[in-house]
Amino acid sequence: MPSHTPHQPVLHSFAQPGELAESVAAFIVKAQNDAIAKREKFTIAVSGGSMPKNLAGLAKRDDVKWDKWEIFFADERIVPLDHPDSNYKLNHEEFFSKVPLKREQIHTINASSPAVEKFKPENCPKPEEIKDNDELENLLEDVADEYEKQLIAAFAAREAARFPTFDLILLGMGPDGHTASLFPGHELLSESDRWIAYIVDAPKPPPARITFTFPVINHAYRVAFIATGEGKQDILHQILDKPEEGLPCSRVRPAPPGRVFWFTDEAASAKVQYPRSSFPHEP
């Protein structure tokens, strides 16, 4: 009988930045090939921060089947798509524009939603104002619902499961241990029903966002974090060596057969006691 206990994380640590980038690219292509062999498409979710730069190695490869990719965002700020805070804009500039992806392969928030203008950081209502105003909360709910419908359209036709099963979700790690827009101590950490949730009080700007919930993240076949730089040492040590403390990144533990992988450089992993694995990982 298959085990329901999540696999332990797999940690890959690299001495050279180029080696890390090439390994991430090889890992993504392996996930792509496995997915296409099963379903003729590759569903992937990306994040913001430094993540898009770490995908640059893919542009040099000739074994990426770009036409099979279907891309979502693990979280997004409720801003126009050309706003400096937009995860779409960041990914477009650093990654999408450098590879042969078509715009219709990339699932973004509805740029014509009235919430997009209403919640721009320049004029965003305060969280307490939003929570006391049903009209404002409904605008955010509509953004989350519309994005959830995009997931349902992509996954429901082929899966009867309660949650979508992404082939790969790529996540970053915040300095406080947050990932996507799931922050330490926030009530969204215990959300168990929604695929997409909105947040009005993100502790770093902009405050209004949508995010994948843990049930979606933890139903993926593969989840991968990329963390680099000595500034990540203490928090990476806490996430991997003290998972019982419950930081959001530590809560990423996909249900079997899913797995979570960490790709780090030696500067980021210097204080980590957790065992390293050679790349590629052999289960």
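Scroll up for the structure.
So, here's what we can say about the structure. Note that this is a predicted model, so its numbers are computed, not measured. Position labels on residues start from 1 in each chain and follow its written sequence. Thresholds applied to this predicted model are a pLDDT of at least 70 for local features of residues and 80 or more for the giving and counting of side-chain atom pairs; totals over whole chains, interfaces and linings are not thresholded and use all residues. Side-chain descriptors were evaluated using all non-hydrogen atoms of the structure, hydrogens and water having been removed beforehand.

1. Focus: the pattern of salt bridges
Spelled out, the test is: Basic side-chain nitrogens of Lys or Arg form a salt bridge, by our definition, when they fall within 4 Å of a carboxyl oxygen of Asp or Glu. The numbering of helices and of strands both runs from the N terminus, where a helix is a DSSP run of H or I of at least 4 residues and a strand a run of E of at least 2. For each residue, the accessible area found with a 1.4 Å probe, counting protein chains only, is set against the maximum for its type, and the residue is called buried under 20%, exposed over 50%, and partly exposed in between.
Scanning the entire structure with this criterion turns up 15 salt bridges. A salt bridge links Arg39 to Asp167; its shortest N-O distance comes to 2.0 Å. With Arg39 in helix α1 (residues 17-39) and Asp167 in the loop between α5 (134-155) and β5 (168-171), this residue pair connects regions lying 128 residues apart in the sequence. Overall, the relative accessible area of 22% leaves Arg39 in the partly exposed class.

2. Some points on the pairing of strand β9 (residues 259-265)
Each regular strand shows side chains that alternate between the opposite faces of the sheet. Using the following cut-off: Between any two strands, pairing holds if DSSP finds at least two bridges.
Of all seven residues making up β9, seven are buried, and the element is well covered by its neighbours. Here β9 shows two buried faces, one formed by Arg259, Phe261, Phe263 and Asp265 and the other by Val260, Trp262 and Thr264. Relative to β9, strand β1 (residues 10-14) runs parallel, the two being bridged by five bridges. Looking across to β9, one finds that Ser13 is bridged to Thr264.

3. Some details on the pairing of strand β8 (residues 222-227)
Selection rule: Here, the term right-handed applies to a crossover whose path from the first strand over the helix to the second runs clockwise when the strands point away from the viewer.
Where burial is concerned, most of β8 is hidden: six out of the six residues are buried. In β8, alternate side chains face the same way, and those of Arg222, Ala224 and Ile226 on one face and Val223, Phe225 and Ala227 on the other are all buried. Two elements, β5 and β8, share three bridges in a ladder whose sense is parallel. Each bridged residue has a counterpart across the sheet, and for Ile169 the counterpart in β8 is Val223. Of the pairings in the sheet, the one linking β8 to β9 comprises six bridges and is parallel in character. Counted as the bridge partner of Phe225 is Trp262 from β9. Handedness of the crossover is the feature at issue here: the chain leaves β8, passes through helix α7 (residues 233-241), returns alongside β9, and the resulting connection is right-handed.

4. So, the packing of aromatic side chains
Selection rule: The aromatic pairing rule takes the rings of Phe, Tyr and Trp, using the six-membered ring of Trp, and pairs them if the centres are within 6.5 Å, calling planes under 30 degrees apart stacked, those over 60 edge-to-face and the rest tilted.
All chains considered together, the criterion is met by 19 aromatic pairs. Ring centres 6.3 Å apart and planes at 70 degrees place the aromatic pair Phe73 and Tyr88 in the edge-to-face group. Of this pair, Phe73 sits in strand β3 (residues 69-73) while Tyr88 sits in helix α2 (residues 87-94), and the two are 15 residues apart along the sequence. The pair formed by Phe73 and Tyr88 is uniform in burial state, with each residue classed as buried. Each ring, one from Phe166 and one from Phe212, has its centre 5.3 Å from the other, and the planes form 35 degrees; the classification is tilted. Here the residue Phe166 occupies a position in the loop between α5 and β5, and Phe212 occupies one in strand β7 (residues 209-212), the gap between them amounting to 46 residues. Classification of Phe166 as buried rests on a relative accessible area of 0%. The structure contains a cluster of three or more aromatic residues connected by ring pairs, namely Phe42, Trp66, Trp69, Phe73, Tyr88, Phe95 and Phe96.

5. With respect to the sheet that holds strand β6 (residues 196-199)
Strand pairing in a sheet relies on backbone hydrogen bonds, with the paired strands running either antiparallel or parallel. To keep things clear, this is the line we draw: Helix axes are fitted to C-alpha atoms over the stretch in contact, other axes to C-alpha atoms as well, and angles between N-to-C directions run from 0 to 180 degrees. Note on contacts: a residue pair qualifies if any of its non-hydrogen atoms lie within 4.5 Å across the two residues.
Taken in spatial order, the three strands line up as β4-β7-β6 in an open sheet, and their pairing is antiparallel. Edge positions in the open sheet fall to β4 (75-77) and β6, since each of these has one partner strand only. Strand-to-strand twist of the sheet, defined as the mean angle between neighbouring strand axes without regard to direction, takes the value 20 degrees. When β6 meets β7, the two strands line up antiparallel, connected through four bridges. Its bridge partner being in β7, Ile199 is matched across the sheet by Arg209. Seen against the sheet, α5 touches β6 and β7 and runs at an angle of roughly 155 degrees to β6.

By themselves, these observations are geometric and do not establish any function.
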